[in-house]
Amino acid sequence: MRVSVIGGGTITDEQAARAEAVGHELAARGHTVVCGGRGGTMEAVCRGANAADGTTIGILPGECRGHANDYVDHPIATGLGHARNALVPLNGDAVIALAGGVGTLSEIGFAGIYDRPVIGLETHDVSDFGMAFETVESPEAAVDAVESALER
């Protein structure tokens, strides 16, 4: 399956390690990573997936595919700026949300609009909004929860 991973463009070393572990776990289980294709969480999750010989798709805000991070296998230029945030959750079967700001929050909102299950790992709590949202404590639990959500 395709799993969209969302999170901040500027992150701490601890957050980068968590995102990298999520990407590695997804790829090790045969899933494709979809993300925004730039730096921070996006680069870390792609680096982790790449280390496990996984496939990554980066949905970029700009018009140049060359602006993708070095670990994106399939860059998609949109020219949409922040409006591309709607396309990241749309192109995943489920979403894993990591720490981030308002851009991440907007992607969580679009995941709800598109009826995608969202697994939160150190992210915004949106459990009061009536969407499919589950909070977990580890990268492995995040991938377990995604797989379980899609089996229902």
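The rules behind these values
- Every residue gets a number counted from 1 within its own chain, in the order that chain's sequence is written.
- Local features in this predicted model are restricted to residues whose pLDDT is 70 or higher, and side-chain atom pairs enter the listing and the counts only when it is 80 or higher, whereas totals over whole chains, interfaces and linings include all residues.
- Side-chain metrics rest on all non-hydrogen atoms present in the structure, leaving aside hydrogens and water.
- Only protein atoms enter the 1 Å grid, on which a cavity is a set of points fitting a 1.4 Å probe that cannot get out and a pocket is an open set with protein on both sides within 12 Å along at least 5 of 7 lines, lining residues being those with an atom within 4 Å of a point.
- Grid points are joined across faces, edges and corners, and a volume is the space filled by probe spheres set on the points.
- Helix numbers and strand numbers start at the N terminus; a helix is a DSSP run of H or I with at least 4 residues, a strand a run of E with at least 2.
- Side-chain classes are defined by residue name, with Ala, Val, Leu, Ile, Met, Phe, Trp, Tyr, Cys and Pro counting as nonpolar, Asp, Glu, Lys and Arg as charged, and the others, Gly among them, as polar.
- Basic side-chain nitrogens of Lys or Arg form a salt bridge, by our definition, when they fall within 4 Å of a carboxyl oxygen of Asp or Glu.
- Categorising residues by exposure relies on relative accessible area from a 1.4 Å probe, with only protein chains included: less than 20% of the type maximum marks a residue as buried, more than 50% marks it as exposed, and the intermediate range marks it as partly exposed.
- Centre distance within 6.5 Å is the pairing criterion for rings of Phe, Tyr and Trp, where only the six-membered ring of Trp is used; planes under 30 degrees apart are then read as stacked, over 60 as edge-to-face, and the remainder as tilted.

Below, the discussion takes up empty space enclosed by the protein. Following the criterion strictly, the structure yields 1 cavity of 30 Å³ or more and no others. One number sums up the size of the largest cavity: a volume of about 40 Å³. As for the largest cavity, its lining consists of I11, Q15, R18, A19, T41, L98 and A99. Sort the elements by how many residues they give to the lining of the largest cavity and helix α1 (residues 13–28) lands first, with 3 residues.

A separate point is the layout of surface pockets. By rolling a water-sized probe across the atoms, one finds the places where empty space is left. What the largest pocket holds in volume is close to 190 Å³. Considering the residues around the largest pocket, the lining is formed by 14 residues, among which G7, M42, R84, G103 and E107 are closest to the centre. Secondary structure elements with two or more residues in the lining of the largest pocket: β1 (2–6) and α4 (102–113). The element best represented in the lining of the largest pocket is α4, accounting for 3 residues. Taken together, the residues of the lining of the largest pocket sort by class into 4 nonpolar, 8 polar and 2 charged.

Here the focus is the pattern of salt bridges. If you walk through the whole model with that rule in mind, you get 5 salt bridges. D144 is paired through a salt bridge with R29; the nearest N and O atoms lie 2.7 Å apart. In this pair, D144 sits in helix α5 (residues 139–151) while R29 sits in the loop between α1 and β2 (32–35), placing the two residues 115 residues apart along the sequence. Owing to a relative accessible area of 28%, R29 belongs among the partly exposed residues under this scheme. Here the salt bridges share partners, and the residues they tie into one network are E25, R29, D144 and E147.

So, about the packing of aromatic side chains. Two descriptors summarise a pair of aromatic rings, namely the distance from one centre to the other and the angle between the planes of the rings. Scanning the model with the defined rule gives 1 aromatic pair in all. Taken together, a centroid distance of 6.2 Å and an interplanar angle of 20° make the contact between F110 and Y114 stacked.

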